[in-house]
Amino acid sequence: MNKKIKSALISVFYKDGLENIVHLLHQLGVTIYSTGGTQKFIEDLKVPCVPVESLTSYPSILGGRVKTLHPSVFGGILGKRDDAQHVAEMQQYHIPEIDLVIVDLYPFEETVASTNEENAIIEKIDIGGPGMIRGAAKNFKDVVVIAAKKDYHLLEQALQEQRGETTIDQRKAFAAKAFEVVAHYDVAIARYFNPTDALYFLESVANPKAMRYGENPHQSGVFYGDLNKLFTQLNGKELSYNNLVDVDAAMQLIKEFTTTTFAIIKHTNVCGVAQRSTVKDSWDTALAGDTESAFGGVLVCNGTIDKATADAINEIFFEVLIAPAFNEDALTILKSKKNRILLQLKAQPQHKEQYKSVLNGVLIQGMDEGNYTEWKEAGGRETTAAEKEDLIFANLVCKHLKSNAIALVKNKQLVGKGCGQTSRIDSLRQAIEKAKQFDFDLNNAVLASDAFFPFDDCVKIAHAAGIASFIQPGGSIRDNDSIQYCKDSGLVMVITGMRHFKH
């Protein structure tokens, strides 16, 4: 059923883009009610405006906390036009019908992001705004509600093309959006007041972007979030679902390092990573760790991509390259493939927790922050300075491999890895075979394990391959078996006290 807009209530914080709507409403003979700054804005456009105070008989009070909270406002929004009792009561109490509500909400999230001052934050909790939006959305059969600036163009189009009339489908669609706006706002407030120990799983992320498909072509996929806060895309096609998952893994890994590091990610696992004095050397060394798996990978670096590095990278097929900066001549080379995704990093994601859907609920956990909680040298000798650097590096790399995980490192280069295996010894065998495949000498290499060794078989097999230093969290009832073997064999064994399972 079509409805003619005869009256409108406008009260907004963000006024950009509202001018045309105000002029159109005036041309259509719509009575406009407003308050405060919005009223002045409308009047400055030379459009007549009725102050809400003329409806309520009250001025804005309590420092602006109470302006529209009145039956003359909410009755005009909530009154059902086809209900005789509603109509009679509205006439009895001189409540005008309000057919259009354009209201946005105080910038609560923006205030939280910009200050820690509690009073300033509390004052940005909107009360009347959500009430009017919810009321108008509830009464969508009679009322149009616009709760976000991004919908101004849709209203403007309807006003122009339909001469002030709206359809029931349009009103219901606007109402659905309005309820989402208010829900998002309420979640932000609830999370501010109770960031932990919440009674409900509360999360609300805006900006949906449909993917071509999900993990596989028969699955649908949507990303919610604003990637523009993190990256500037310099080249390439749109990021896919799988790209985003791997890019996230790449970002989690690279933030572990402050010195020049290059890494290659494949299906969220590290297949090559190295630290060297230059970006080019870091790339060459990372790639050498597994030239086979690097095909079609996601590359990430914490230094500037120069021409020499770009020339080298350009020789292989990859999906995504992430770096904080690119030299212009490097970009010219890398942009030679139009689908190749180049992301210039602007900011690291600030995750505080992880969650995933399981069974009929949601699991939440804090991020796996840190490398080790203790450094206990429990083997047959102390680490050398070089071994300690490699062990620290290896443990960080191992943290970003799927469990069961083993990382073999030599001179800050990943030379072998085993991941996603159902037994730790299988991961070790995989790591050793990988190292052999690319002709790495494992003598004096170090080994990191994401969890404890349940038996001494791993250290024995690794030692036989030439590995002389181990780092693991400990915690097995048979820790002493591995420790004693290292003592008897003069090997390094570092216990960290921090497990890094990743499933």
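See the structure printed just above.
Residues numbered from 1 in each chain as written. Predicted model: local features only at pLDDT ≥ 70, side-chain atom pairs only at ≥ 80, totals over all residues. Heavy atoms only, no water.

1. Examining the packing of helix α4 (residues 71-78) against helix α8 (residues 128-138)
- Orientation of α4 relative to α8, taken along the N-to-C sense of each, is 25 degrees, at an axis distance of 8 Å. One finds that α4 runs roughly parallel with respect to α8. Listed contacts from α8 to V73, F74, I77 and L78 of α4 are G128, G131, M132, G135, A136 and K138.
- Its residues placed into classes, the contact of α4 with α8 shows six nonpolar, three polar and one charged. (Axes fitted to C-alpha atoms, helices over the stretch in contact; angles between N-to-C directions. Helix = DSSP H or I, 4+ residues; strand = E, 2+ residues; numbered from the N terminus. Parallel < 35°, antiparallel > 145°, perpendicular 65-115°, else oblique. Contact = heavy atoms within 4.5 Å. Nonpolar A, V, L, I, M, F, W, Y, C, P; charged D, E, K, R; others polar.)

2. A word on empty space enclosed by the protein
- Tallied over the entire structure, the rule returns one cavity of 30 Å³ or more.
- Put simply, the largest cavity is a space of about 30 Å³.
- Lining the largest cavity, in full, are V145, I146, A147, A148, D151, F174, K177, A178 and V181.
- For the lining of the largest cavity, the elements supplying multiple residues, two or more each, are β6 (144-146) and α10 (168-193).
- Of the residues in the lining of the largest cavity, the class split is seven nonpolar, no polar and two charged. (1 Å grid on protein atoms, 1.4 Å probe; cavity = no way out; pocket = protein on both sides within 12 Å on 5 of 7 lines; lining within 4 Å. Points joined across faces, edges and corners; volume = space filled by probe spheres on them.)

3. Concerning the pattern of salt bridges
- Summed over all chains, the structure comprises 21 salt bridges.
- Between K177 and D151 there is a salt bridge, and its shortest N-O distance comes to 3.1 Å. Linking K177 in helix α10 with D151 in the loop between β6 and α9 (152-162), this pair joins segments that are 26 residues apart in sequence.
- For K177, a relative accessible area of 36% gives the class partly exposed.
- We classify D151 as buried; its relative accessible area is 7%.
- One salt bridge in this structure joins E319 and K237, with 3.6 Å as the shortest N-O distance. One end of the pair, E319, is in strand β15 (residues 318-323); the other, K237, is in the loop between β10 (231-235) and α11 (241-254), and 82 residues separate them in sequence.
- Ionic contacts of the salt-bridge type, sharing partners, join the residues D290, E292, K417 and K434 into one network. (Salt bridge = Lys/Arg side-chain N within 4 Å of Asp/Glu carboxyl O. Buried < 20%, exposed > 50% of the residue type's maximum accessible area, 1.4 Å probe, protein only.)

4. Overview of the packing of aromatic side chains
- The full count for this structure, using the stated rule, is 10 aromatic pairs.
- Relative to Y14, the ring of F13 lies with its centre 5.1 Å away and its plane at 75 degrees, an arrangement referred to as edge-to-face.
- For the pair F453 and F470, a centre-to-centre distance of 6.4 Å together with 85 degrees between the ring planes defines the contact as edge-to-face. One end of the pair, F453, is in the loop between β23 (446-449) and α17 (457-464); the other, F470, is in strand β24 (residues 469-472), and 17 residues separate them in sequence. You'll find F453 and F470 in the same group, each marked buried.
- Chaining the aromatic ring pairs together yields one cluster made of F108, Y185, Y192 and F193.
- Geometry around W375 places K388 over its ring, the cationic atom sitting 5.0 Å from the centre. (Phe/Tyr/Trp six-rings, centres within 6.5 Å; stacked < 30°, edge-to-face > 60°. Lys NZ or Arg CZ within 6 Å of the ring centre and 35° of its normal.)

5. Things to note about the layout of surface pockets
- Considering only enclosed or pocket space, the second largest pocket measures out at about 560 Å³ in volume.
- Forming the walls of the second largest pocket are 27 residues, and the residues nearest its centre are G64, R65, K67, Y106 and D126.

6. Brief notes about the sheet that holds strand β11 (residues 261-266)
- Strand order across the open sheet formed by six strands is β10-β17-β15-β13-β11-β12, with mixed pairing between neighbours. Looking along the sheet, the strands with just one partner apiece sit at the ends: β10 and β12 (269-275). Taking each pair of neighbouring strands and ignoring which way they run, the sheet shows an average axis angle of 20 degrees.
- Bridge count between strand β13 (residues 297-301) and β15: four bridges; the pairing is parallel. If you follow V300 over to β15, its bridge partner there is I322. (Pairing = 2+ DSSP bridges.)

7. Concerning the sheet that holds strand β22 (residues 414-418)
- With respect to topology, six strands assemble into an open sheet ordered β20-β25-β24-β23-β21-β22, the strand pairing being mixed. In this open sheet, the two strands that pair with only one neighbour each are β20 (376-377) and β22.
- Pairing between β23 and β24: three bridges, direction parallel. Bridge pairing links L447 to F470 in β24.
- Strands β21 (406-409), β22 and β23 of the sheet are contacted by helix α16 (residues 424-437), whose axis makes an angle of about 145 degrees with β22.

8. Overview of the packing of α17 against helix α18 (residues 479-489)
- Axis separation between α17 and α18 bottoms out at 8 Å; the angle between their running directions is 30 degrees. Where α17 abuts α18, its residues V459, K460 and H463 lie against S482, Y485, C486 and S489.
- Grouping the constituent residues of the contact of α17 with α18 by class yields three nonpolar, three polar and one charged.

9. Let's talk about α17
- Those residues of α17 that sit buried are C458, V459 and A462. Down the axis, α17 shows its buried residues gathered within 95 degrees of arc, on one side only.
- Along its buried surface, α17 packs onto α16, β23, β24, α18 and β25 (492-495).
- At the C-terminal side of α17, G466 shows a positive phi close to 115 degrees. (Arc of directions from axis to C-beta.)

10. Points about α11
- If you check α11, its first and last C-alpha atoms are 20 Å apart, about what 14 residues at 1.5 Å a residue would give, namely 20 Å.
- Judged by how many residues are buried, α11 sits mostly within the fold: 10 of 14 residues are covered.
- Where α11 is concerned, the buried positions are N243, L244, D246, V247, A249, A250, M251, Q252, L253 and I254. (Expected span 1.5 Å × (residues − 1).)

11. Observations regarding the side chain of Q275
- Its place among the elements puts Q275 in strand β12.
- Reaching out from Q275, the side chain makes a polar contact with the side chain of T259 at a distance of 3.2 Å.
- Ignoring sequence-local partners within four residues, the contact set of Q275 consists of F257, T259, T260, T261, S282, F393 and K412. (Polar contact = N/O pair within 3.5 Å; in protein donor to acceptor, adjacent residues only side chain to side chain.)

12. Structural notes on the nonpolar core
- One finds F231, V247, V270, V320, I322, L343 and V397 to be the most contacted residues of the largest nonpolar core, which totals 40 residues.
- The greatest single-element share of this core, amounting to seven residues, is contributed by α11.
- Those residues in contact with V270, other than ones at most four positions away along the chain, are L253, I264, I265, V397, H400, L401, L414 and K417.
- Core analysis: the second largest hydrophobic core is formed by 28 residues, V73, M132, A137 and Y185 among them. (Core = buried A, V, L, I, M, F, W, Y, C linked by side-chain atoms within 4.5 Å.)

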